[in-house]
Structures are given as structure tokens and as C-alpha cells.
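Topology and contacts: notes
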Amino acid sequence: NPSHTSIVSVSQINNYAETIIKEILDIKIAKANLKTVHLVCSSKPSLMFRLGQLIDDTQMPVVISYHYTQQDDYKYPWGLYINHCKKEGELFLWR
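Bear in mind the structure is a predicted one, so any value in this text is a computation, not a measurement.

**With respect to the overall build of the protein**
- When helices and strands are tallied, the protein shows 2 helices and 4 strands.
- Each helix (α) and strand (β) of the protein, taken in turn from the N terminus, gives the series α-β-α-β-β-β.
- For the protein, the spread of C-alpha atoms along the principal axes amounts to about 35 × 35 × 20 Å.
- Long-range pairs, those at least 24 residues apart, make up 46% of the contacts in the protein with a sequence separation of at least 6.
- When the accessible surface of the protein is totalled, it reaches about 6800 Å², and 55% of it is carbon and sulfur.
- In the protein, 10 positive and 9 negative side-chain charges are present, and the distance between their average locations comes to 3 Å.

Here it is in C-alpha cells:
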């Protein structure tokens, strides 16, 4: 069972992030018309930061990363465009 402290090293963060990037690229190859990936992930901020460093706008589809909150009726009320050339950093409201 994963625990709250499951990520314990930088190499582990790099491994997880590279695995996620590889999966996104493999899906893009399998689904040639794929335009957007909606990334919903509950993890340590360090993993999400590293993942954001690896996402680019040349070979990846547009990635929107969502914010999770327990207190809201909408568990993922908004997301951020990570690599859209015109919308990078803009909010995407899920409602």
C-alpha cells in the first residue's frame, strides 16, 4: 500500500515523471487525432513540478492539469493549461 511518504528520492520522482510522459507520448502515437490530455493526478507537489518541466509544446498534445479539492462539490474545479502556445498558464474551469 502506498503511504503519504511514498516518494522518497529525486530518482523516484524522475522515474515517475518520465513514465507518465512516456505514457502520454505512447497514447498520442496510438491516437493520432489526440489534441488534449486532461491530467488528473493526486501526488506530491515535487512530482507535479518535475512533470511540468518535462511537458513541452512541440511533441506533446495540449495538457491541462487539474487541481483537486476535498472541500468543493466539484472535486476538480479547475485546471491549468500547461503547454498550449496561446493559453499557457490560463485557467480551465471544469463546471
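Now, onward.
**Looking at the nonpolar core**
- With 12 residues, the main nonpolar core is built from I7, I13, A17, I21, I24, V37, L39, L47, L51, I55, M60 and V63.
- Counting only elements with at least two residues in this core, the list comes to α1 (10–30), β1 (36–39) and α2 (45–54).
- Here this core gets 4 residues from one element, more than from any other, and that element is α1.
- Ignoring anything within four residues of it in the chain, the contact list for I21 reads L51, L54, I55 and M60.

**A few points about the packing of α1 against α2**
- Interhelical geometry of α1 versus α2 gives an angle of 50° and a closest axis separation of 9 Å. In terms of orientation, α1 lies oblique with respect to α2. Note that α1 runs across α2; the crossing there is right-handed. Between α1, through I13, N14, Y16, A17, E18, I20 and I21, and α2, the contact on the second element is made entirely by S46, L47, R50, L51 and L54.
- Partitioned by chemical class, the residues of the contact of α1 with α2 number 8 nonpolar, 2 polar and 2 charged.

**What about the pairing of β1?**
- Going residue by residue along β1, you find V37 and L39 tucked away on one face and T36 and H38 left uncovered on the opposite face.
- For β1 and strand β2 (residues 62–67), the ladder comprises 4 bridges, and the chain directions are parallel. Looking across to β2, one finds that H38 is bridged to I64.
- Taken together, β1, α2 and β2 constitute a β-α-β crossover, and its handedness is right-handed.

Criteria and cut-off values
Residues numbered from 1 in each chain as written. Predicted model: local features only at pLDDT ≥ 70, side-chain atom pairs only at ≥ 80, totals over all residues. Heavy atoms only, no water. Helix = DSSP H or I, 4+ residues; strand = E, 2+ residues; numbered from the N terminus. Contact = heavy atoms within 4.5 Å. Areas by Shrake-Rupley, 256 points an atom, 1.4 Å probe, with all protein chains shown as cover. Lys, Arg positive; Asp, Glu negative; His and termini not counted. Charge placed at Lys NZ, Arg CZ, Asp CG, Glu CD. Core = buried A, V, L, I, M, F, W, Y, C linked by side-chain atoms within 4.5 Å. Buried < 20%, exposed > 50% of the residue type's maximum accessible area, 1.4 Å probe, protein only. Axes fitted to C-alpha atoms, helices over the stretch in contact; angles between N-to-C directions. Parallel < 35°, antiparallel > 145°, perpendicular 65-115°, else oblique. Left-handed = near helix turned anticlockwise from the far one by under 90°. Nonpolar A, V, L, I, M, F, W, Y, C, P; charged D, E, K, R; others polar. Pairing = 2+ DSSP bridges. Right-handed = clockwise from strand over helix to strand, strands pointing away.

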